[in-house]
Number of protein chains: 2
Amino acid sequence: MQYSSDSINKVIDYFSSLPSIGRKTAQRLTYHILRQPTEYVDKFAQSMTEMMQHVKFCSVCLNYTESDPCPICQSHKRNKNIICVVEDPNDVLALERTNEYFGLYHVLHGILNPLDGIGPEDIKIRELLARLSDVDEVILAINPSVEGEVTMQYLSKMIKPLEIKVSRLASGLPMGGAIEYSDEATLSKALESRITI
Amino acid sequence: MQYSSDSINKVIDYFSSLPSIGRKTAQRLTYHILRQPTEYVDKFAQSMTEMMQHVKFCSVCLNYTESDPCPICQSHKRNKNIICVVEDPNDVLALERTNEYFGLYHVLHGILNPLDGIGPEDIKIRELLARLSDVDEVILAINPSVEGEVTMQYLSKMIKPLEIKVSRLASGLPMGGAIEYSDEATLSKALESRITI
């Protein structure tokens, strides 16, 4: 794009470096931003640099936070005897949205992936094991991919000997999902884990 | 999301204000950015504020540019007797990607929309009419929506009396498109504009 402006191209490059944003979407977003008031764009930019300055990891659960420990780990309303283990801070948001979980979290910041050389030392497993005194149950809320299954098996093998209950999220049909359009793996899992009514 | 950090929420809000970015995508993008090096994020933010400082409108074609006139209007390689009229700077990018057009552009920054109260004075039509001495052809490259058709008819009525050729982009089947899956409007347009071979 020889005729395009350098400073526009730079912003397009940054946007297309984000996940799920292709070149054309990045162009559309950049041109949208150009149409906004300068003040608004300056505040947008500032919000990003400020986020990087203020946000750190909670020393207990390793989720992103501005205060340490994070509001969830600090809260008196949360049940400190249950820890829900997730791969990513994103997953904490998703579980909080359910309004059904009132225990604590532990963010692994990754899952085991032998093919990519990601072993137990590369994710926050040591930090999890150090938190397990006084804990009654560990819920493994990890995506049911091949690597996720490996991670859950590994964690369960480490935690069960401590006489702590280890559970995982149920697999089955998504609510509102149609049997006709379900993939085989989901359907056989739903069949296998069928519930007596 | 009572447990989420304020400065993270601010960035999520800004991202979800962008077109085609929903709340969940905005969360995913924000968490992706949090995982990047601070230096990278600072540069991303800086690129946005710098773009707002450096980019202005070309005084000739009204496209975004850092130099005035813009590189296209300045170029000796472009045919100054043809002007391609577009709604948006985005459309200039798309036409430049074809590598088939070597005339100049004129960006209207909008199209006529009587229902929304957008009349000829609200878009850059006056500026277009002021450029038409020495011009042989005006190509109307405006999206074939109802408002686009109205805009093209209006412009054609204004320009034709000046004895300048006015043309518009062909409508028909997109390349690689399947007749079976074409909508009726496109198919009847393709039939109506059929070409003798």
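Our structure's up above, just so we're on the same page.
Positions within a chain are numbered from 1, following the residues in the order the chain's sequence is written. To read the labels, note that chains go from A and ligands from 1, taken in the order they are written. Local features in this predicted model are restricted to residues of pLDDT 70 or higher, and side-chain atom pairs are both shown and tallied only at a pLDDT of 80 or more, whereas totals for entire chains, interfaces and linings draw on every residue. Calculated side-chain values reflect all of the structure's heavy atoms, with hydrogen atoms and water omitted.

**Student:** Describe the overall build of chain A, listing the residues and the values that go with them.
**Tutor:** For chain A, the count of helices and strands is eight helices and six strands. Helix and strand definitions here come from DSSP, where helices need a minimum of 4 consecutive H or I residues and strands a minimum of 2 consecutive E residues; each element is numbered from the N-terminal end. Listing each helix as α and each strand as β along chain A from the N terminus yields α-α-α-β-β-α-β-α-β-α-β-α-β-α. Computed over its C-alpha atoms, the radius of gyration of chain A comes to 21 Å, more than 25% above the 16 Å expected for a compact globule of 197 residues. If you line up chain A on its principal axes, its C-alpha atoms span 65 × 45 × 35 Å. Under the scheme applied here, a residue whose accessible area is under 20% of the maximum for its type counts as buried, over 50% as exposed, and between as partly exposed, the area being computed with a 1.4 Å probe on protein chains only. By residue count, 45% of the 197 residues in chain A fall in the buried class. Here chain A displays about 11,200 Å² of accessible surface, and carbon together with sulfur accounts for 53% of that area. Where the 20 positive side-chain charges of chain A centre and where its 26 negative ones centre are 3 Å apart. We compute the radius of gyration from the C-alpha atoms alone; for a globule the expected value is 2.2 Å times N to the 0.38, where N is the number of residues. Computed with a 1.4 Å probe, the accessible areas rest on the Shrake-Rupley method; for each residue, only the protein chains presented here act as cover. Counted charges follow a simple rule, with Lys and Arg positive, Asp and Glu negative, and His plus the chain ends left uncounted. Every charge is mapped onto a representative atom, which is NZ of Lys, CZ of Arg, CG of Asp or CD of Glu.

**Student:** Describe the interface of chain A and chain B, and please don't skip the residues or the numbers.
**Tutor:** The criterion used for residue contact is that any of the two residues' heavy atoms lie within 4.5 Å. Counting from both sides, the interface comprises 56 residues of chain A and, opposite them, 56 residues of chain B. What makes a salt bridge here is a side-chain nitrogen of Lys or Arg within 4 Å of a carboxyl oxygen of Asp or Glu, nothing more. Counting across the interface, chain A meets chain B through two salt bridges. The partner of Arg 35 of chain A in a salt bridge is Asp 88 of chain B, with the nearest N and O atoms 3.4 Å apart. Counted as a polar contact is a pair of N or O atoms within 3.5 Å, where, for protein atoms, one must be capable of donating a hydrogen and the other of accepting one, and residues adjacent in sequence contribute only when both atoms are in side chains. Counting every contact that joins chain A to chain B gives 12 residue pairs in polar contact (both at pLDDT 80 or more). When residues of the side of chain A that touches chain B are traced back to their parent elements, those giving at least two are α1 (6-16), α2 (23-34), α3 (38-54), α4 (71-74) and α5 (89-97) of chain A. By residue number, the principal contributor to the side of chain A that touches chain B is α3 of chain A, which donates 14 residues. Residue polarity follows a fixed list, in which Ala, Val, Leu, Ile, Met, Phe, Trp, Tyr, Cys and Pro are nonpolar, Asp, Glu, Lys and Arg are charged, and the others, Gly among them, are polar. Considering only residue class, the side of chain A that touches chain B consists of 27 nonpolar, 16 polar and 13 charged.

**Student:** Describe helix α3 (residues 38-54) of chain B, with residues and values.
**Tutor:** The end-to-end C-alpha distance of α3 of chain B is 24 Å, a good match for the 24 Å that 17 residues give at a rise of 1.5 Å each. Of the residues making up α3 of chain B, those classed as buried are Val 41, Phe 44, Ala 45, Ser 47, Met 48, Thr 49, Met 51 and Met 52 of chain B. Against the buried residues of α3 of chain B lie α1, α2 and α3 of chain A together with α2 (23-34) of chain B. Expected helix span is given by 1.5 Å per residue-to-residue step, counting one fewer step than there are residues.

**Student:** Summarise the side chain of Thr 151 of chain A; cite the residues concerned and give the values.
**Tutor:** Residues and elements named next belong to chain A. Mapped onto the secondary structure, Thr 151 falls in helix α7 (residues 146-159). Judged by its relative accessible area of 0%, Thr 151 falls in the buried class. Ignoring anything within four residues of it in the chain, the contact list for Thr 151 reads Leu 108, Ile 111, Leu 112, Ile 123 and Ile 142.

**Student:** Got a sec to walk through unusual backbone geometry? Specific residues and values, please.
**Tutor:** Most peptide bonds are trans, and most residues other than glycine sit at a negative phi. Residues and elements named next belong to chain A. In this structure, the amide linkage connecting Asp 68 to the following residue, Pro 69, adopts the cis form with an omega of -5 degrees. Mapped onto the secondary structure, Pro 69 falls in the loop between β2 (64-65) and α4. For Glu 163, which is not a glycine, the phi torsion comes out positive at approximately 60 degrees. In this structure, Glu 163 sits in the loop between α7 and β6 (165-168). Classification of Glu 163 as exposed rests on a relative accessible area of 75%.

**Student:** If you had to explain the state of the cysteines to someone new, which residues and values would you point to?
**Tutor:** All names here are of chain A. Here, the term disulfide refers to a pair of cysteine sulfur atoms separated by no more than 2.5 Å. On inspection of all chains with the given rule, the structure shows zero disulfides over all chains. Here Cys 61 stays unpaired: no disulfide links it, and the sulfur of Cys 73, its closest cysteine neighbor, is 3.7 Å away. The buried category is assigned to Cys 73, whose relative accessible area is 10%.

**Student:** Quick rundown of the sheet that holds strand β5 (residues 137-140) of chain B? Include the residues and the values.
**Tutor:** All names here are of chain B. With respect to topology, four strands assemble into an open sheet ordered β4-β3-β5-β6, the strand pairing being parallel. The sheet is open, and its two edges are formed by β4 (103-107) and β6 (165-168), each paired on a single side. Sheet twist, expressed as the average angle between the axes of neighbouring strands with direction ignored, equals 25 degrees. Where helix α5 (residues 89-97) meets the sheet, its contacts fall on β3 (79-86) and β4, and the angle it forms with β4 comes to roughly 160 degrees. Pairs of strands are assigned from DSSP output, requiring at least two bridges between the strands. Interaxial angle, 0 to 180 degrees, is taken between N-to-C directions of lines fitted to C-alpha atoms, where a helix line uses only the stretch in contact.

**Student:** I'd like a rundown of the nonpolar core, residues and numbers included.
**Tutor:** In this structure, Phe 15, Ile 33 and Met 48 of chain A together with Phe 15, Ile 33 and Met 48 of chain B are the most contacted members of the largest nonpolar core, which totals 42 residues. Residue assignment for this core shows that the elements contributing at least two residues are α1, α2 and α3 of chain A together with α1 (6-16), α2 and α3 of chain B. The contacts of Met 48 of chain A, once residues within four sequence positions are left out, are Val 11, Phe 15, Ile 33, Val 41, Phe 44, Ala 45 and Met 48 of chain B. Grouped together as the second largest cluster of nonpolar side chains are 33 residues, Val 92, Tyr 105, Ile 123 and Val 138 of chain B included. Put simply, a nonpolar core is a bunch of buried Ala, Val, Leu, Ile, Met, Phe, Trp, Tyr and Cys residues held in one set by side-chain atoms that sit within 4.5 Å of each other.

**Student:** Can you tell me about the packing of aromatic side chains, naming the residues and giving the values?
**Tutor:** Two descriptors summarise a pair of aromatic rings, namely the distance from one centre to the other and the angle between the planes of the rings. Each Phe, Tyr or Trp ring, with Trp reduced to its six-membered ring, pairs with another whose centre is within 6.5 Å; inter-plane angles below 30 degrees give stacked pairs, above 60 give edge-to-face pairs, and intermediate values give tilted ones. Enumeration over the complete set of coordinates arrives at 13 aromatic pairs over all chains. Aromatic pair Tyr 14 of chain A and Tyr 40 of chain B: ring centres 5.4 Å apart, planes at 70 degrees, arrangement edge-to-face. Residue Tyr 14 of chain A is located in helix α1, and its partner Tyr 40 of chain B is located in helix α3; the two belong to separate chains. Tyr 14 of chain A gets classed as buried once you look at its relative accessible area, which sits at 15%. An aromatic cluster is built from Tyr 14, Phe 15, Tyr 40 and Phe 44 of chain A together with Tyr 14, Phe 15, Tyr 40 and Phe 44 of chain B, whose rings are joined through pairwise contacts.

**Student:** Describe the pattern of salt bridges, listing the residues and the values that go with them.
**Tutor:** All names here are of chain B. Overall, the coordinates contain 15 salt bridges over all chains when judged by the stated rule. Residue Asp 13 is joined to Arg 23 by a salt bridge in which the shortest nitrogen-to-oxygen separation is 2.8 Å. Of this pair, Asp 13 sits in helix α1 while Arg 23 is found in helix α2, placing the two residues 10 residues apart along the sequence. Its salt-bridge partner being Glu 137, residue Lys 165 comes within 4.0 Å of it at the nearest N-O pair.

**Student:** Quick rundown of the pairing of β5 of chain B? Include the residues and the values.
**Tutor:** All names here are of chain B. Burial along β5 is two-sided: Glu 137 and Ile 139 and Val 138 and Leu 140, pointing in opposite directions, are all buried. Bridge count for β3 against β5 is four bridges, and the pairing is parallel. Looking at β5, one finds that Ile 82 is bridged to Glu 137. Every crossover in which the path from the first strand over the helix to the second runs clockwise, viewed with the strands pointing away from the viewer, is termed right-handed. In this fold, the crossover linking β5 to β6 by way of helix α7 (residues 146-159) has right-handed handedness.

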